[in-house]
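# Architecture and fold: a report
Residue-level listing of the chains:
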Amino acid sequence: MTVVLDGARLTCEQVHRAAHGSGILLGSADRAEAAWRTARSLSGPLYGQTTGVGANKDVPVEATGLDLLRSHAGGAGPLIDGPRARATLVVRLNQLLTGGSGLNPGLLPVLASAVNRGFTPPIRTYGAIGTGDLTALATTALCLLGEIPWTPPSGPGDGLAPRYALASSDALPFISSGAATLADAALACHRLRIVLTAATAVAAHSFRAIDASLEPLAQAVQRRPDQAAVAAGLRALIGATTPRRVQDPYGYRALPQVHGAALDALDRAERAVTEELNTAPENPLIADGRAWHNGNFHSARIALALDALRAALVQTASLSAARLATLTDPAHTGLLPFLAERPGLSGVMILEYVAHSALADLRQLAAPVTLGTAVLSLGTEDHASFTPQAARSTLSALDPLETVLACELVAAVRALRQRGLPCDVGLDLRTADRPLDADLDAARGLLPGLTYRPHAGAGLPVPDGPPPGLTGPPAPSVDGPSPQMAAETLA
């Protein structure tokens, strides 16, 4: 579905779609045109146009905008991938449509054409610290001028690369934005929404695999909306169980509290990013008939939200690793250690090593960038949020998080099958000792849209009272599944 950019309603999900080729349409450019007309009528000192930038803010200059672009296009490190570069163009276009830049609106359809035709700027990884993505956007501007080649579309092209003769007065208005950082943050928030939703379904398989108590999921226990939503989702996915223990480890008992907090952190981060996608970050800002010199380009709010989100991801992943440990333990499953096919074999033992290897990387990525700062440009710019680093780290966190969840899912599915319980997840049926690389790859591929239909009653609400087995008949032995459970067939 084509994404319509209007400067007011762009979402993280739409950034993702546009980045992956959905196509875009431009809405009204009235606000951009109004700001452009105002900018042309202004007189007096205007940062970056009649003055230099940074420590040169008090130095009068004349028509040096193109030199500004050339001097600021010096990024370093590997090129970012095509979807991230395309998302950067989408975000900047939407920001320009909000009005406030004073840029010539004739640029907008040319930039939209680049997106739709598959051209992307060669943006390098390093060059921004949270006060504007100057190197990324200066590189993009030089692509429009024809001084740097675009990265062409991977498929058949349709003619000449996009060109636009930016004027000197367009230079600073075009690069005064953190569009590349916001693009990364939007892509990360969208993908994390999918993965954190899947985490609830992965946990549901583990609940069934060890007959975990559903008492911690009862409505009477929940205190916060995010916590209640996780508990309700689990109740709907799991259905009724016959618990074996009065209390289970924290990986089960505290899941609504921990995973609910992660979803709440994601909500706050996505809300902050979405608001920034639809506002004008420029300095100076053209509004109300004049230019306002300001600090709206500073993205401390996004950095703080993303730091909190990554810390929360570690908590969710830690609980997943804890549940994985119970799935390898006969005391919880009634099966052989490590879900082995025969006594003495290693089964899925290696999954714990893989999960904790990924979890260690996730912990490193969770280090808060907001504890650092920098003083640049002869002391004129004396603070930095390092939001680009926060956004990149959040994107990078997806890989280890998915790996931990995949380890849990592979083990939970094997435990369910060995116990003769229903499981409709399309993973390899073999239980012999063998490399599990393909199983983990397949499990990661199944995370989007993962659900759990353990029996015909799945989706029915679970009563708030003690689940069957706590106040009724004795719970089944840990030596194996109850006769009723053993009689169920695989879905």
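Residues numbered from 1 in each chain as written. Predicted model: local features only at pLDDT ≥ 70, side-chain atom pairs only at ≥ 80, totals over all residues. Heavy atoms only, no water.

Let us now look at the nonpolar core. One broad trend across soluble globular proteins is that nonpolar side chains are buried collectively. Grouped together as the largest cluster of nonpolar side chains are 133 residues, with contacts concentrated most on Ile-24, Leu-144, Phe-174, Phe-207, Leu-234, Val-273 and Leu-351. If one sorts the elements of this core by residue count, helix α8 (residues 179-209) sits on top with 19 residues. (Core = buried A, V, L, I, M, F, W, Y, C linked by side-chain atoms within 4.5 Å. Buried < 20%, exposed > 50% of the residue type's maximum accessible area, 1.4 Å probe, protein only. Helix = DSSP H or I, 4+ residues; strand = E, 2+ residues; numbered from the N terminus.)

Turning next to the packing of aromatic side chains. Aromatic rings considered in pairs are described by the distance between their centres and by the relative angle of their planes. In the structure shown here, the tally under the stated rule is 1 aromatic pair. Taking the centre distance of 5.1 Å and the plane angle of 80° together, the rings of Phe-207 and Tyr-252 count as edge-to-face. Of this pair, Phe-207 sits in helix α8 while Tyr-252 sits in helix α10 (residues 250-253), and the two are 45 residues apart along the sequence. Comparing Phe-207 with Tyr-252, the two get one shared label, buried. Its end group placed over the ring of Trp-36, Arg-40 keeps NZ or CZ at 4.6 Å from the ring centre. One residue, Arg-290, lies across the ring of Trp-292, its end atom 3.9 Å from the ring centre. (Phe/Tyr/Trp six-rings, centres within 6.5 Å; stacked < 30°, edge-to-face > 60°. Lys NZ or Arg CZ within 6 Å of the ring centre and 35° of its normal.)

This part takes up helix α4 (residues 82-97). Taking 1.5 Å of rise per residue, 16 residues should cover 22 Å, and α4 covers 23 Å from first to last C-alpha, within 8% of that figure. In terms of residue burial, α4 counts as a mostly covered element, since 14 of its 16 residues are buried. Of the residues trailing α4, Gly-99 is marked for its positive phi of about 85°. (Expected span 1.5 Å × (residues − 1).)

Once that is clear, we can look at the packing of helix α11 (residues 255-277) against helix α12 (residues 300-327). Between α11 and α12, the least distance of the axes is 8 Å, while the angle of their chain directions is 155°. Here α12 runs roughly antiparallel to α11, going by the angle between their axes. Every pair of crossing elements has a handedness; the one defined by α11 and α12 is left-handed. Here α11 contributes Leu-255, Val-258, His-259, Ala-261, Ala-262, Ala-265, Leu-266, Ala-269, Ala-272, Val-273, Glu-275 and Glu-276 to the contact with α12, which in turn contributes Arg-301, Ile-302, Ala-305, Leu-306, Ala-308, Leu-309, Ala-312, Gln-315, Thr-316, Leu-319 and Arg-323. (Axes fitted to C-alpha atoms, helices over the stretch in contact; angles between N-to-C directions. Parallel < 35°, antiparallel > 145°, perpendicular 65-115°, else oblique. Left-handed = near helix turned anticlockwise from the far one by under 90°. Contact = heavy atoms within 4.5 Å.)

Glancing now at the packing of helix α1 (residues 12-19) against α4. Running from N to C, α1 and α4 point in directions that differ by 125°, and their axes come no closer than 8 Å. One element, α1, and the other, α4, form an angle in the oblique class. In this structure, α1 meets α4 at a crossing whose hand is right-handed. Taking contact as the criterion, the partners of Val-15, Ala-18 and Ala-19 in α1 are, on α4, Pro-83, Arg-86, Ala-87, Val-90 and Val-91.

Quick look at the environment of Thr-181 now. Relative to the helices and strands, Thr-181 resides in helix α8. Once the C-alpha coordinates of Thr-181 and Phe-119 are considered, the two residues, 62 residues apart in sequence, prove to be 19 Å apart. Beyond its immediate sequence surroundings of up to four residues, Thr-181 is in contact with Asp-133, Thr-387, Pro-388 and Ala-391.

This prediction gives the chain a mean pLDDT of 90; 91% of its residues lie at or above 70. Contacts of residues 454-491 to residues separated by more than four positions or lying in other chains number 71 contacts, the stretch itself having pLDDT below 50. (pLDDT = per-residue confidence, 0-100.)

Attention now moves to helix α14 (residues 349-365). Across its 17 residues, α14 extends 26 Å between first and last C-alpha, which sits within 8% of the 24 Å expected from 1.5 Å per residue. Residues Leu-351, Ala-355, Ala-358, Leu-359 and Leu-362 constitute the buried set of α14. With its buried residues spanning 105° around the axis, α14 presents them on a single face. Exposed side of α14, more than 90 degrees from the buried face: Tyr-353 and Gln-364 are the residues found there. (Arc of directions from axis to C-beta.)

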